[in-house]
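One letter stands for each residue in the lines below.
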Amino acid sequence: MHRRIIAPGALAAASLMLAIPASAASHSPGAPGIGDPYYPAYGNGGYDVSHYDLRLKYQPATDELSGTATILARTTQDLSSFDLDFLLDVSEVRVNGAKASFTTSGQHELVVTPRTPLDKGTPITVVVRYSGVPSTKSAYGFNTWHRTPDGAVAADEPEAAWWWYPSNDHPLDKATYDVSVAVPDGTQAISNGTLQSTSSQLGWTRYSWRQNKPQATYLTTLAMGKFDITTSTSEGGVPVVNAYSKDLGDNDGAARASVERTGELVDWLSGYFGPYPFSSAGGYVPNTTTGYALETQTRVYYSPKQFAKGSNASVVVHELAHQWYGDSVSLKGWKNIWLNEGFATYAQWLWSEHEGEGTTQELADYVYASHPADDAFWTVKPGDPGPDHQFDDAVYDRGALAIQELRKTVGDDAFFAILKGWPQEHAYGNASIADFQAYAEKVSGKSLGALFDTWLFQPSKPAGVALAKSAVVQPRSWKKIAAAVDGAH
Ligand code: TRP
Ligand code: ZN
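Residues numbered from 1 in each chain as written. Chains lettered and ligands numbered in written order. Predicted model: local features only at pLDDT ≥ 70, side-chain atom pairs only at ≥ 80, totals over all residues. Heavy atoms only, no water.

> How would you explain the site of ligand 1 if you had to name every residue and give the values?
Near ligand 1, the surroundings consist of Asp156, Glu157, Tyr292, Ala293, Leu294, Glu295, His318, Glu319, His322, Glu341, Phe391 and Tyr396. Here an oxygen atom of ligand 1 sits 2.9 Å away from a polar atom, N or O, in the side chain of Tyr396. Coverage of ligand 1 by the protein chains reaches 94% of its 370 Å² of free accessible surface. Within the residue set of the shell around ligand 1, elements represented by two or more residues are strand 19 (293–294) and helix 4 (313–324). Of the residues contributing to the shell around ligand 1, the split by class is five nonpolar, two polar and five charged. (Near = heavy atom within 4 Å. Polar contact = N/O pair within 3.5 Å; in protein donor to acceptor, adjacent residues only side chain to side chain. Areas by Shrake-Rupley, 256 points an atom, 1.4 Å probe, with all protein chains shown as cover. Helix = DSSP H or I, 4+ residues; strand = E, 2+ residues; numbered from the N terminus. Nonpolar A, V, L, I, M, F, W, Y, C, P; charged D, E, K, R; others polar.)

Structure follows, in structure tokens:
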């Protein structure tokens with residue numbers, strides 16, 4: 001339905017209006033944000049992307065990135081203009097083949113005005129030609145493009161895409177990807193999914209990667225550098241591609257001793273979460289100096305620091321658990337972050353129990369006992385932590401504790417049915433904590449409102465927990481349990 005408003009005086013101006021296409025009056029600009037209250041400017045309104053094709057070239061010596069993004073999308077409203085989230089320098093934008101005008105606005109908005117307005121429900125093809133030095137661009141005073149001695153890495157949460165490709169940057173708009181990057185011969189380019197081809201020409205080697213399942217923008221990763229790439233297939237049949245910087249120094253052995261277990265751990269997690277949702281798995285360890293790991297889809301990013309104390313299968317379990325909880329089933333909005341981090345942490349607890357390093361109940365009791373009631377830890381609500389506390393310990397540890405409480409409330413049979421059923425229920429989609437509660441209630445037949453409220457939505461330490469007191473008084477090994485919790489993330 002096109003809404004037409006005839007303003008006073010419009011009839012007198014009728015001759016002027018003849019120059020405007022008949023439908024233009026009802027078309028309006030797409031919103032500069034998708035509507036997430038944690039990050040009002042992230043993502044955009046008015047269209048839905050189905051595929052990104054990124055054909056790029058990167059020069060490690062200068063950090064210059066250039067190329068073309070071709071974006072396939074469909075409009076969700078009548079649009080006079082729309083935004084993409086992006087920071088690099090744009091030289092040309094085309095919409096459905098025709099040159100469009102463009103400008104920048106806000107911290108990271110590229111505003112595109114097509115020659116003719118776009119009707120709701122229309123497939124559109126947007127071509128953006130661009131170049132730039134990502135390490136020189138910032139928004140809100142920060143930059144998440146990580147330079148390394150031999151290249152760079154794009155892996156961050158919730159902001160990573162702005163520095164390397166134009167996008168609708170929010171997990172609500174997932175899409176498939178072809179990422180093809182040319183780098184100087186001798187350098188490798190790593191991205192998500194399967195390596196479709198490599199080809200060499202004029203001193204440049206092109207790596208072409210494909211992600212054939214929907215992927216959130218922040219889970220799309222890119223790393224250029226000197227890597228050793230390994231390939232294998234898990235016992236359960238999942239192809240595994242890992243990459244290690246040739247410059248990992250003393251961390252090299254521990255990194256490989258952890259990440260080379262990806263296939264084994266994918267198969268082990270499948271026992272709890274159901275079939276692995278993607279056509280490839282693996283991880284990469286670049287020579288970055290940041291400390292994190294990130295669940296970039298199918299190709300997890302690990303900082304070498306994760307392996308500084310020795311092997312760390314636990315972090316691999318955490319990031320692989322996210323492939324089900326976070327990547328296949330993505331958040332409807334960032335406030336639902338517990339659906340990612342609580343479950344990835346709980347997977348580490350299951351692994352700890354499997355390894356004989358502390359049971360899930362011992363770890364839950366440890367988290368409960370190690371934070372006194374006046375600890376600020378309890379003021380963060382895992383179910384709605386706020387953007388400034390999105391990745392606080394409470395989201396992870398209290399978040400996993402909440403899952404243990406759920407398990408005790410519904411019983412093991414219902415609990416493990418929920419754990420395995422949920423990733424199927426919302427495979428390749430988006431969900432909220434409310435959706436999860438409704439699903440858990442359906443499977444268990446129990447009303448869980450009070451439980452969720454107590455453990456996820458109260459800014460205080462829940463009282464009267466049926467603690468397994470024996471575990472608190474006489475833990476199997478406090479040291480090991482503390483290490484399992486503290487080393488979790
Ligand atoms: N999601 C990551 C994890 O738990 C943690 C994380 C939060 C992160 N913010 C980040 C990682 C920024 C890298 C960069 O595994
Ligand atoms: Zn995590």
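> Would you mind going over the pattern of salt bridges in detail, with residue names and values included?
The full count for this structure, using the stated rule, is 12 salt bridges. When the shortest N-O distance is used, the salt bridge between Asp89 and Lys137 registers 2.8 Å. Separated by 48 residues along the polypeptide, Asp89 in strand 5 (residues 89–95) and Lys137 in the loop between strand 8 (123–132) and strand 9 (145–148) bring together distant segments of the chain. Across the pair Lys442 and Glu425 runs a salt bridge whose closest N-O atoms are separated by 3.6 Å. Linking Lys442 in helix 9 (residues 433–444) with Glu425 in helix 8 (residues 412–425), this pair joins segments that are 17 residues apart in sequence. Taking the relative accessible area as the measure of exposure, Lys442 reaches 59% and is therefore exposed. Because the salt bridges share partners, they merge into one network encompassing Glu92, Arg94 and Lys99. (Salt bridge = Lys/Arg side-chain N within 4 Å of Asp/Glu carboxyl O. Buried < 20%, exposed > 50% of the residue type's maximum accessible area, 1.4 Å probe, protein only.)

> Describe the packing of aromatic side chains, naming the residues involved and giving the relevant values.
As enumerated under the stated definition, the model contains 42 aromatic pairs in all. The interplanar angle of 65° and the centroid separation of 5.1 Å between the aromatic rings of Phe343 and Phe436 together place this pair among those described as edge-to-face. With Phe343 in helix 5 (residues 338–354) and Phe436 in helix 9, this residue pair connects regions lying 93 residues apart in the sequence. Assessed through its relative accessible area of 0%, Phe436 is described here as buried. Over the ring of Trp204 we find Lys57, and its NZ or CZ is 4.3 Å from the ring centre. (Phe/Tyr/Trp six-rings, centres within 6.5 Å; stacked < 30°, edge-to-face > 60°. Lys NZ or Arg CZ within 6 Å of the ring centre and 35° of its normal.)

> I'd love a proper account of the nonpolar core, names of residues and values included.
Grouped together as the largest cluster of nonpolar side chains are 134 residues, with contacts concentrated most on Trp164, Trp338 and Phe436. Taken domain by domain, this core gets at least three of its residues from each of domain 1 (29–225) and domain 2 (330–486). If we ignore the near neighbours within four places in the chain, the residues touching Trp338 are Phe343, Pro382, Val395, Gly399, Ala402, Ile403, Ile433, Phe436, Phe452 and Leu456. (Core = buried A, V, L, I, M, F, W, Y, C linked by side-chain atoms within 4.5 Å. Domains from an automatic or database assignment. Contact = heavy atoms within 4.5 Å.)

> Tell me about the coordination of the zinc ion (ligand 2), and please be specific about residues and values.
Protein coordination of the zinc ion (ligand 2) is provided by His318 (NE2), His322 (NE2) and Glu341 (OE), with donor distances spanning 1.9 to 2.0 Å. Considering all four donor atoms around the zinc ion (ligand 2), the spread of angles at the metal, 98 to 145°, places the coordination shape in the irregular class. Each donor residue of the zinc ion (ligand 2) lies on the same chain, and together they follow the pattern H-x3-H-x18-E. Linking His318 with His322, this pair stays in helix 4, spanning four residues, or about one helical turn. (Donors = N, O, S within 2.8 Å, 3.2 Å for Na, K, Ca; no water. Tetrahedral: all angles 85-135°; square planar, octahedral: opposite > 155°, others 65-115°.)

> Can you tell me about the sheet that holds strand 15 (residues 222–225), naming the residues and giving the values?
In a beta sheet, neighbouring strands pair by backbone hydrogen bonds and run either parallel or antiparallel. Taken in spatial order, the four strands of this open sheet run 9-10-15-12, and their pairing is antiparallel. Two strands bound the open sheet, and with one partner strand each, they are strand 9 and strand 12 (188–191). The average undirected angle you get between the axes of adjacent strands in this sheet is 20°. Summarising the sheet, strand 12 and strand 15 pair through four bridges and their orientation is antiparallel. From the neighbouring strand, Ser191 faces strand 15, where its bridge partner is Leu222. (Pairing = 2+ DSSP bridges. Axes fitted to C-alpha atoms, helices over the stretch in contact; angles between N-to-C directions.)

> Describe the pairing of strand 8, listing the residues and the values that go with them.
The side-chain alternation of strand 8 yields one buried face, formed by Ile124, Val126, Val128, Tyr130 and Gly132, and one unburied face, formed by Pro123, Thr125, Val127, Arg129 and Ser131. Sheet topology note: the strand 5/strand 8 ladder contains six bridges and is antiparallel. In the strand pairing of strand 8, Val93 is matched with Val128.

> Tell me what's going on with the packing of helix 3 (residues 262–273) against helix 8, and back it up with residues and numbers.
Close contact between helix 3 and helix 8 brings their axes to 7 Å; oriented N to C, the two are set at 105°. In terms of their interaxial angle, helix 3 and helix 8 are classed as roughly perpendicular. Contacts between helix 3 and helix 8 involve Ser270, Gly271, Tyr272 and Phe273 from the first element and Phe416, Leu419, Lys420 and Pro423 from the second. Partitioned by chemical class, the residues of the contact of helix 3 with helix 8 number five nonpolar, two polar and one charged. (Parallel < 35°, antiparallel > 145°, perpendicular 65-115°, else oblique.)

> Explain the sheet that holds strand 17 (residues 239–245) to me, using residue names and the numbers behind them.
Strands sit in the order 16-17-18-20-19 across an open sheet of five strands; the sheet is mixed. The open sheet has two edge strands, strand 16 (227–233) and strand 19, and neither has a second partner. Judged from the two bridges that link them, strand 18 (residues 283–285) and strand 20 (residues 300–302) form a sheet pairing that is parallel. Looking at the pairing, Tyr284 lines up with Tyr301 of strand 20.

> Go over helix 3, please, and point to the residues and values.
The periodicity of an α-helix, 3.6 residues per turn, causes residues three or four positions apart to be oriented the same way. In this model, helix 3 (12 residues) spans 15 Å end to end at C-alpha, consistent with the 16 Å of a helix rising 1.5 Å per residue. The inward-facing, buried residues of helix 3 contact strand 17, helix 2 (252–259), helix 4, helix 5 and helix 8. Of the residues flanking the end of helix 3, it is Gly274, one or two places downstream, whose phi is positive at about 90°. (Expected span 1.5 Å × (residues − 1).)

> Quick one: what's the story with the side chain of His146, residue by residue and with numbers?
By the secondary structure assignment, His146 is in strand 9. Residue classification places His146 among the buried positions, given a relative accessible area of 15%. At 3.2 Å, the side chain of His146 and the backbone oxygen of Thr144 are in polar contact. A distance of 2.9 Å separates polar atoms of two side chains, one belonging to His146 and the other to Asp156.

> Which residues make up helix 7 (residues 393–410), and what are the values?
An ideal rise of 1.5 Å per residue puts 26 Å on 18 residues; helix 7 measures up with 25 Å between its terminal C-alpha atoms. Most of helix 7 sits out of view: 15 of its 18 residues are buried. Looking one or two places after helix 7, you find Gly411, whose phi comes out positive at around 90°.

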